[in-house]
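Examination of the molecular architecture
Letter by letter, the chains look like this.
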Amino acid sequence: MNVLDTFLFGFYPYICLTVFLLGSLIRFDRDQYTWKSDSSQFLRHGQLRWGSNLFHVGLLFLLFGHAVGLLTPHFVYEPFISAGAKQLMAMVSGGLFGVLGFIGLTLLLHRRLADPRIRATSKASDIAVLLLLWLQLALGLATVPLSGQHLDGSMMIRLAEWAQHIATFRSGAADFLAGASWVFKLHLFLGMTLFLVFPFTRLVHVWSGFGTLAYLVRPYQVVRSRRLNVPRGEAAR
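Residues numbered from 1 in each chain as written. Predicted model: local features only at pLDDT ≥ 70, side-chain atom pairs only at ≥ 80, totals over all residues. Heavy atoms only, no water.

**Points about the overall build of the protein**
- Check the secondary structure of the protein and you find 10 helices and 0 strands.
- Along the protein, from the amino end to the carboxyl end, the secondary structure elements read α-α-α-α-α-α-α-α-α-α.
- Considering only contacts within the protein whose residues lie at least 6 apart along the sequence, 79% involve residues at least 24 apart.
- Carbon together with sulfur atoms contributes 69% to the accessible area of the protein, which is approximately 15,100 Å² in total. (Helix = DSSP H or I, 4+ residues; strand = E, 2+ residues; numbered from the N terminus. Contact = heavy atoms within 4.5 Å. Areas by Shrake-Rupley, 256 points an atom, 1.4 Å probe, with all protein chains shown as cover.)

Now the structure itself:
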């Protein structure tokens, strides 16, 4: 394991996560008016409907799938499913939703670059994030045939061990990626970089999406009539 790999997969993840968490908190505290998705739907909504739905469905599945697949220890699922079967399930489901997300993102990217009005209202960060996500999805799809070359689940276990060592602050995480294909490494690097740029882009609206879960436990809203001193029968009219 060389020095570059040790930095990229042993220290860089913590830099990205620190910027991700502290940057999001600082932006929410200081610039709440910039905390939005900057939707361009009113400029043109036809292509947006298909692109946005496909992209978000694919991305949300991949996000939760990666989190569960990488952070669940092997001994938890070993009694129910083998590592090879788990990898095959991940390849099929991840490939399917990856294609959906890739098609949706391609539509969104074409819409943002080809429409003069949308291009004129786009920030450089908007286009940069779309390109990063597009490349990340493309690399993710490229890992599917590579994973098919070792269906015993060995590479999946190594990737999961790397993620679990990072999440639990254990040393030697980068060692698990020794000998891994550059496609896997670049996919991991771009994934971490997305966390790094997250607080400085429109991606912060993702936090608001998770924040809506608070509505499930919030108290009922009490609405009172503004018409004061009006008899009850009159107010009902």
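**Some details on the packing of helix H4 (residues 83-114) against helix H6 (residues 124-147)**
- It is at 9 Å that the axes of H4 and H6 come closest, and there the two elements cross at 150 degrees. With respect to each other, H4 and H6 are oriented roughly antiparallel. The crossing of H4 and H6 is left-handed.
- Here the contact of H4 with H6 is composed, by residue class, of 16 nonpolar, 6 polar and 2 charged. (Axes fitted to C-alpha atoms, helices over the stretch in contact; angles between N-to-C directions. Parallel < 35°, antiparallel > 145°, perpendicular 65-115°, else oblique. Left-handed = near helix turned anticlockwise from the far one by under 90°. Nonpolar A, V, L, I, M, F, W, Y, C, P; charged D, E, K, R; others polar.)

**Overview of the side chain of threonine 201**
- Locating threonine 201 in the fold gives a position in the loop between helix H8 (182-197) and helix H9 (205-211).
- With relative accessibility at 6%, the residue threonine 201 sits in the buried group.
- A distance of 3.3 Å separates a polar side-chain atom of threonine 201 from the backbone oxygen of phenylalanine 198.
- If we skip the residues at most four places from it in the chain, threonine 201 touches Arg27, Ser125 and Val129. (Buried < 20%, exposed > 50% of the residue type's maximum accessible area, 1.4 Å probe, protein only. Polar contact = N/O pair within 3.5 Å; in protein donor to acceptor, adjacent residues only side chain to side chain.)

**Here's the deal with the packing of aromatic side chains**
- All told, the structure shown has 10 aromatic pairs when counted by the stated rule.
- Plain terms: the ring middles of phenylalanine 20 and phenylalanine 198 are 4.9 Å apart, the flat faces sit at 75 degrees to each other, and that makes the pair edge-to-face. Separated by 178 residues along the polypeptide, phenylalanine 20 in helix H1 (residues 3-30) and phenylalanine 198 in the loop between H8 and H9 bring together distant segments of the chain. In this structure, phenylalanine 20 and phenylalanine 198 share a single accessibility class: buried.
- Summarising the aromatic geometry, the rings of phenylalanine 20 and tryptophan 207 are spaced 5.4 Å apart at their centres and angled 20 degrees between planes, so their arrangement reads as stacked. On the criterion of sequence distance, the pair formed by phenylalanine 20 in helix H1 and tryptophan 207 in helix H9 is long-range, its members being 187 residues apart. (Phe/Tyr/Trp six-rings, centres within 6.5 Å; stacked < 30°, edge-to-face > 60°.)

**Description of empty space enclosed by the protein**
- By the definition in use, this model includes 1 cavity of 30 Å³ or more.
- In this structure, the largest cavity encloses a volume near 40 Å³.
- In terms of lining residues, the largest cavity is bounded by Thr72, Pro73, His74, Tyr77, Ile157, Ala160, Glu161 and Gln164.
- Mapped onto the lining of the largest cavity, the elements with two or more residues apiece are helix H3 (74-77) and helix H7 (154-167).
- The leading source of residues in the lining of the largest cavity is H7, at 4 residues.
- Taken together, the residues that form the lining of the largest cavity break down as 4 nonpolar, 3 polar and 1 charged. (1 Å grid on protein atoms, 1.4 Å probe; cavity = no way out; pocket = protein on both sides within 12 Å on 5 of 7 lines; lining within 4 Å. Points joined across faces, edges and corners; volume = space filled by probe spheres on them.)

**Here we look at the pattern of salt bridges**
- All told, the structure shown has 2 salt bridges when counted by the stated rule.
- For the salt bridge of aspartate 5 with lysine 185, the shortest nitrogen-to-oxygen distance reads 3.0 Å. Of this pair, aspartate 5 sits in helix H1 while lysine 185 sits in helix H8, and the two are 180 residues apart along the sequence. When sorted by exposure, aspartate 5 lands in the same class as lysine 185, which is buried. (Salt bridge = Lys/Arg side-chain N within 4 Å of Asp/Glu carboxyl O.)

**Describing the confidence of the model for the protein**
- The share of residues in the protein with pLDDT of 70 or more is 90%, and the mean pLDDT across the chain is 88.
- For the protein, the element scoring lowest by mean pLDDT is helix H10 (residues 232-235), at 56; H8 scores highest, at 96. (pLDDT = per-residue confidence, 0-100.)

**Observations regarding H7**
- Under the 1.5 Å per step criterion, the end-to-end length of H7 is 20 Å for 14 residues, consistent within 8% with the ideal 20 Å.
- Positive backbone phi, approximately 60 degrees, marks phenylalanine 169, located one or two places after H7. (Expected span 1.5 Å × (residues − 1).)

**Notes on the environment of tryptophan 50**
- Topologically, tryptophan 50 is positioned in helix H2 (residues 46-71).
- Note on tryptophan 50: relative accessible area 60%, which makes it exposed.
- Along the primary structure tryptophan 50 and leucine 108 are separated by 58 residues, whereas in three dimensions their C-alpha atoms are 8.8 Å apart.

**Regarding the side chain of serine 122**
- With respect to the helices and strands, the residue serine 122 is situated in the loop between helix H5 (116-120) and H6.
- Looking at serine 122, its side chain comes within polar contact range of the side chain of arginine 112, at 2.6 Å.
- Among residues more than four places away in sequence, those in contact with serine 122 are Arg112 and Ile127.

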